[in-house]
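# Structural features, examined
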Amino acid sequence: MGKNVVIVGGGPTGMWLACELRLAGIPTVVLEREPEIDPHSRALTVHPRTIETFALRGAHRDLLAEGGRIPSGHFAVLDDRLDFRALDTDFPFTLALPQARTTKLLQDRAVAAGADVRRGHRVTGCTEHDDGVTVSVEDPDGAYTLDAAYVAGCDGTHSLVRRCAGIDFEGTRFTALGALGDVVLDDPPPGPVTSAWTLRGTLMIVPLPGGLHRIAVHSPEDVRSDWPGELTLDEFRERVRRVTGTDHGMHSPAWLSRFGNTSRLARHYRKGRFLLAGDAAHQHMPAGGVGLNVGVQDAMNLGWKLAATLRGRAPEGLLDTYHAERHPVGAETIEHTQAQTAIMMSFSPQGSALRSLLGKLIAERPQFRDALAERLSGLSVRYSPPGRAHPLAGCRAPNLPLSDSTRLFDLLQDGRPALVDFARADGFRADEAVPAGAARHLTLHRSPGPLPRSRAAWAGVSAVLVRPDGYVGWASDETDAAALAHETRDALAELHGSHPERHHA
């Protein structure tokens, strides 16, 4: 088998993984059963950390140009929204952008990078061997097989890859439903987001491109574990009226659908040569619009590790850290979407009191409000480093201003890790500390001078190694040049396999 990857599933998660693998020069095929991008999708929100993820590769500009900026998010459709403007990011807002457009933009980027994207090609089976996986495929012209070193399942909640790998998908069946419609409104409400909660139901309205509005509604009768059948326009119109007193002149639905709070988590994100990402790894209620975002961030974590493994530059066990780091994020996502479901669906005086209390806490306790905003936005994710590590290790690295008008994200555009020397250890030179042959797999930058006062956590840092996904792999406050050089070499070996003997062309 070669050093190639087959990605099953052509949504945002699969396309971003393809972009990352191609950036590292890995031959990549994307197999998607649907011949065209589905114009109907529940995902509408791109959160701040996902915009940062795209910005690490310069892939954010088209999304910013097309998406509507909303400087807040919601937790359980509480009246008091979470203000994103105080978040520590260059992108303190969510983007309202239909998933179809996000998928198209990422697909175009993947194709331009050299990914072989095959739409209308349905995977029928995967068989693992000692040195790879054989993928069976059907297309309009017949059947064929592909051999791959690894197969990544980005193929949704009903993932065939997950079943072929024999990975359990554990969790609970739905106990609550919601209704969703993309419709024309003759009398739409003003503003970018409209939300309401009453004892008769909860509702949210967001404008879409093309003169449509997205409406999501929950009602007391949605607290159920049986499926009521297809959603009709008459039912949808009546349910909206019950919450707001009007249907806003609703007509001409482009899409009507139901969704539930089924919540499941794959027991393993990696099993042998099979890997799972996005909805294939985790399923949950689409509360807060986090699903697409968690999937893209799965792909960002996986891409550089898989590429390093295939290129022979990974330390032992690096690929296994994908599960170790992202599985807890999936579990946490299920926890807070289930919590939001409980709050949204509690149509009772007690539920109203709980919502009132939480709203007051958000309004009166900035620390509580900001903690919820950071969690919803994806900025709170931190990976647990092994052993006794620097306090910054595992944290997301902000887009720090560096010397020569450079910013940290600029150093990560080509997908290589970045080693930044803050010139606080006399006699230390990062380029001299890096093992022979390793420098071409790193971006080195020397940045003397103070950081902004707001960066207190970085004030004493002498050097930092930032992973390709924008998280701190290692940092040190050491000011002795010899000791710092030794730490640097150890960090490169541990996190990026950068001992000279591990390097291959």
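Since the structure is predicted, the reported quantities are computational estimates derived from the model, not experimental observations. (Residues numbered from 1 in each chain as written. Predicted model: local features only at pLDDT ≥ 70, side-chain atom pairs only at ≥ 80, totals over all residues. Heavy atoms only, no water.)

### Details of the overall build of the chain
How we decide: A helix here means a DSSP run of H or I that spans at least four residues, while a strand means a run of E at least two residues long, and both kinds are numbered starting from the N terminus. It is over C-alpha atoms that the radius of gyration is taken, and the globule rule equals 2.2 Å times the number of residues to the power 0.38. Buried means the residue's accessible area, taken with a 1.4 Å probe over protein chains only, is under 20% of the maximum for its type, while exposed means over 50%, and partly exposed covers the values in between. Here, two residues are considered to be in contact whenever any of their heavy atoms come within 4.5 Å of each other. The Shrake-Rupley method, run with a 1.4 Å probe sphere, supplies the accessible areas, and residue values consider only the shown protein chains as cover. For this count, His and the chain ends are skipped, Lys and Arg are scored as positive, and Asp and Glu as negative. A charged residue contributes its charge at one atom only: NZ of Lys, CZ of Arg, CG of Asp or CD of Glu.
In terms of helices and strands, the chain carries 12 helices and 26 strands. A compact globule built from 505 residues should have a C-alpha radius of gyration of about 23 Å, and the chain, at 24 Å, falls within 12% of that. In the chain, which comprises 505 residues, the share counted as buried stands at 55%. Considering only contacts within the chain whose residues lie at least 6 apart along the sequence, 72% involve residues at least 24 apart. With an accessible surface of roughly 20700 Å², the chain has 49% of that area assigned to carbon and sulfur atoms. Between the averaged position of the 55 positive side-chain charges in the chain and that of its 61 negative side-chain charges there is a distance of 1 Å.

### Focus on the environment of Pro435
Topologically, Pro435 is positioned in the loop between α11 (430-433) and β24 (443-446). When the C-alpha atoms of Pro435 and Ser225 are compared, they prove to be 59 Å apart, with 210 residues separating the residues in sequence.

### A short note on the packing of aromatic side chains
To keep it simple, the criterion reads: A pair of aromatic rings is counted whenever rings of Phe, Tyr or Trp (Trp by its six-membered ring) have centres within 6.5 Å, and the orientation is called stacked for planes under 30 degrees apart, edge-to-face for over 60 and tilted otherwise. In this scheme, the term charge over a ring applies when either NZ of a lysine or CZ of an arginine sits within 6 Å of the ring centre and within 35 degrees of the ring normal.
Inspection of the entire model under this criterion finds six aromatic pairs. Judged by centre distance (5.9 Å) and plane angle (10 degrees), the rings of Trp197 and Phe347 are stacked. Taken together, the residues span a long stretch of sequence, with Trp197 in strand β15 (residues 194-198) and Phe347 in the loop between α8 (321-344) and α9 (349-364) at a distance of 150 residues. Taken as a pair, Trp197 and Phe347 share a single burial class, namely buried. Centroid distance Tyr383 to Tyr471: 4.7 Å. Interplanar angle 50 degrees. Geometry classified as tilted. One end of the pair, Tyr383, is in the loop between α10 (366-377) and β23 (418-421); the other, Tyr471, is in the loop between β25 (463-466) and β26 (472-476), with 88 residues separating them in the sequence. The ring centre of Tyr150 lies 5.1 Å from the NZ or CZ of Arg273, which sits over that ring.

### Some points on the sheet that holds strand β18 (residues 250-260)
Test applied: At least two DSSP bridges between two strands are needed for those strands to be called paired. For helices, the axis comes from a line fit to the C-alpha atoms of the stretch in contact; other axes are also lines fit to C-alpha atoms, and the angle between any two N-to-C directions lies between 0 and 180 degrees.
One open sheet accounts for five strands, arranged β15-β16-β17-β14-β18; its pairing is antiparallel. Both outer strands of the open sheet, β15 and β18, are each paired with one neighbouring strand and no more. Across the sheet, the mean angle from the axis of one strand to that of its neighbour is 15 degrees, orientation sign disregarded. Taken together, the six bridges between strand β16 (residues 201-207) and strand β17 (residues 213-218) define a ladder with antiparallel strand orientation. Paired with Leu203 across the strands is Val217, a residue of β17. Here helix α6 (residues 233-244) sits on the sheet and contacts β14 (177-185), β15, β16, β17 and β18; the angle it forms with β18, its principal contact strand, is near 85 degrees.

### With respect to the sheet that holds strand β9 (residues 122-129)
Spatial strand order, β9-β10-β11: three strands in an open sheet with antiparallel pairing. Of all the strands in the sheet, the pair left with one neighbour each is β9 and β11 (142-148). Across the sheet, the mean angle separating the axes of adjacent strands is 20 degrees when strand polarity is ignored.

### Describing the layout of surface pockets
Quick note on the threshold: Within this scheme a cavity is a closed region of a 1 Å grid, computed over the protein atoms alone, that accommodates a 1.4 Å probe without allowing it to escape, whereas a pocket is open but has protein on both sides within 12 Å along at least five of seven lines; lining residues each have an atom within 4 Å of a point. Grid points are joined across faces, edges and corners, and a volume is the space filled by probe spheres set on the points.
Taken as a whole, the second largest pocket encloses approximately 710 Å³ of empty space. Of all elements in the fold, only α7 (291-310), α8, β26 and α12 (481-496) reach the threshold of two or more residues within the lining of the second largest pocket. Per element, the largest residue contribution to the lining of the second largest pocket is six residues, and it comes from α8.

### With respect to a negative patch on the surface
The cut-off we apply is this: Grouping into patches uses exposed residues only, defined as over 30% relative accessible area, and leaves out salt-bridged ones; the cut-off is 9 Å for like charges and 5 Å for nonpolar side chains (Val, Leu, Ile, Met, Phe, Trp, Tyr). Here, a salt bridge means any side-chain nitrogen of Lys or Arg that lies within 4 Å of a carboxyl oxygen of Asp or Glu.
On the surface, a cluster of negative charge is made up of Glu128, Asp130, Asp131 and Asp147. Note on placement: Asp131 falls in the loop between β9 and β10 (132-139).

### Regarding the pairing of β23
Neither face of β23 is exposed, since Ala418 and Val420 on one face and Leu419 and Asp421 on the opposite face are all buried. Where β23 lies against β24, four bridges are found, and the strand directions are parallel. The residue bridging Leu419 from the neighbouring strand is Leu444, located in β24. Summarising the sheet, β23 and β25 pair through four bridges and their orientation is antiparallel.

### Some words on the pattern of salt bridges
A complete count under the given rule lists 33 salt bridges for this structure. Across the pair Glu170 and Arg267 runs a salt bridge whose closest N-O atoms are separated by 2.2 Å. Within this pair, whereas Glu170 is found in strand β13 (residues 169-172), its partner Arg267 is found in the loop between β19 (263-266) and β20 (270-271), the two being separated by 97 residues in sequence. One connected set of salt bridges, linked through shared partners, spans Glu221, Asp234, Arg237, Glu238, Arg241, Arg242 and Asp247.

The values are spatial; any link to function lies outside them.
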